[in-house]
Amino acid sequence: MTCLRYVGLGLAAVLGIAAAPNPGDPVRTDHAVRIDHRIGPVDARYRGDLRVDHRQIGAVAPAGRPSTLRCHWNARIDVSRHAVTPGGHRLHRSFVSEPVATGSRNGWCGGQQQAIARDVAAQAGDLDRHLQAVAREDHEVLSGELDRLHGTVSVG
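Note that this is a predicted model, so its numbers are computed, not measured.

Peer 1: Before we move on, could you go through the overall build of the protein and cite the residues and values that matter?
Peer 2: Check the secondary structure of the protein and you find three helices and six strands. The order of α-helices and β-strands along the protein, N terminus first, is β-α-β-β-β-β-β-α-α. Taking all 156 residues of the protein together, the buried fraction comes to 38%. Pairs at least 24 apart in sequence give 60% of the contacts found in the protein among residues at least 6 apart.

Peer 1: Help me get a handle on the pattern of salt bridges, residues and values and all.
Peer 2: When the charged atoms of two side chains with opposite charge come close together, those side chains can pair. Scanning all chains against the criterion turns up ten salt bridges. With a closest N to O distance of 2.9 Å, Arg51 and Asp53 form a salt bridge. Here Arg105 ties to Asp119 by a salt bridge, and the two come within 2.9 Å at their closest N and O atoms. Linking Arg105 in strand S6 (residues 101-106) with Asp119 in helix H2 (residues 113-124), this pair joins segments that are 14 residues apart in sequence. When its relative accessible area of 27% is taken as the criterion, Arg105 is described as partly exposed. Linked through salt bridges whose partners overlap, the residues forming this network are Arg81, Arg93, Asp138 and Glu145.

Peer 1: Break down the state of the cysteines for me, citing the residues and quoting the values.
Peer 2: A complete count under the given rule lists one disulfide for this structure. Across a sulfur-sulfur distance of 2.2 Å, Cys71 and Cys109 are joined as a disulfide pair. Classification of the bridge connecting Cys71 and Cys109 rests on its S-S torsion, roughly 110 degrees, and on that basis the disulfide is right-handed. In this pair, Cys71 is assigned in strand S4 (residues 70-84) and Cys109 in the loop between S6 and H2, connecting sequence segments 38 residues apart. Here Cys71 and Cys109 have matching classes, each one buried.

Peer 1: Can you tell me about H2, naming the residues and giving the values?
Peer 2: Compared with the 16 Å implied by 1.5 Å per residue over twelve residues, the 16 Å span of H2 between its first and last C-alpha is a close match. When H2 is considered as a whole, its buried residues turn out to be Ala115, Ile116, Ala117, Asp119, Val120, Ala121 and Ala124. Directly after H2, the chain includes Gly125, whose backbone phi takes a positive value near 65 degrees.

Peer 1: Would you mind going over the pairing of strand S3 (residues 40-57) in detail, with residue names and values included?
Peer 2: Pairing of strand S2 (residues 27-37) with S3, which is carried by eleven bridges, proceeds in the antiparallel orientation. Across the sheet, Arg28 pairs through a bridge with Asp49, a residue of S3. The hairpin formed by S2 and S3 contains two residues between the paired strands. Here S3 pairs with S4 via 15 bridges, running antiparallel. Bridged to Arg55 within S4 is His72.

Peer 1: Any details on the side chain of Ser97? Residues and values, ideally.
Peer 2: Summarising the element assignment, Ser97 is placed in the loop between strand S5 (90-96) and S6. At a separation of 2.9 Å, a polar atom in the side chain of Ser97 contacts the main-chain amide nitrogen of Ile77. Not counting chain neighbours up to four residues away, the residues in contact with Ser97 comprise Arg76, Ile77 and Val134.

Peer 1: For the environment of Ala124, give the residues involved together with the corresponding values.
Peer 2: Structurally, the position occupied by Ala124 is in helix H2. As for Ala124 and Ala75, which are separated by 49 residues in sequence, their C-alpha atoms are 8.1 Å apart. Ala124 has contacts with Val100, Ala101, Arg129 and His130, leaving out every residue within four places of it along the chain.

Reading the values: the criteria
Residues numbered from 1 in each chain as written. Predicted model: local features only at pLDDT ≥ 70, side-chain atom pairs only at ≥ 80, totals over all residues. Heavy atoms only, no water. Helix = DSSP H or I, 4+ residues; strand = E, 2+ residues; numbered from the N terminus. Buried < 20%, exposed > 50% of the residue type's maximum accessible area, 1.4 Å probe, protein only. Contact = heavy atoms within 4.5 Å. Salt bridge = Lys/Arg side-chain N within 4 Å of Asp/Glu carboxyl O. Disulfide = S-S within 2.5 Å. Expected span 1.5 Å × (residues − 1). Pairing = 2+ DSSP bridges. Polar contact = N/O pair within 3.5 Å; in protein donor to acceptor, adjacent residues only side chain to side chain.

On their own, these measurements won't tell you what the molecule is for.
The structure is reproduced here in structure tokens:
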């Protein structure tokens, strides 16, 4: 089994995002938010890189028999969160979102990249919206980190 990572300019164009300057550069989106916490306002910046993972399965069949080659793929957002407290403390966290799109195609993964990019665009929609949802989900985690940092929660 071979796992490949592909993020291409075609995907950026289909998603309506500014194209990456070089092929293979990640499709990136950013989101900034101010969170009100008991220690004061905390500025958090989320950076999301779209990652499409491919998994080649099946085998090439001998002549006269059908091939079982399939390319399974899923698209996720690699998220990096950087938060700064009013006191200047910096909190960093990296994580991967749940898949924003999944699918499979017949044949070799290498020959399906443009078709997969179209499939991802059709399913994933607006990446900014997905990143904002991930940021909302992270709010509770960030609040817990802030509470532990400032000693407002006992660790059990």
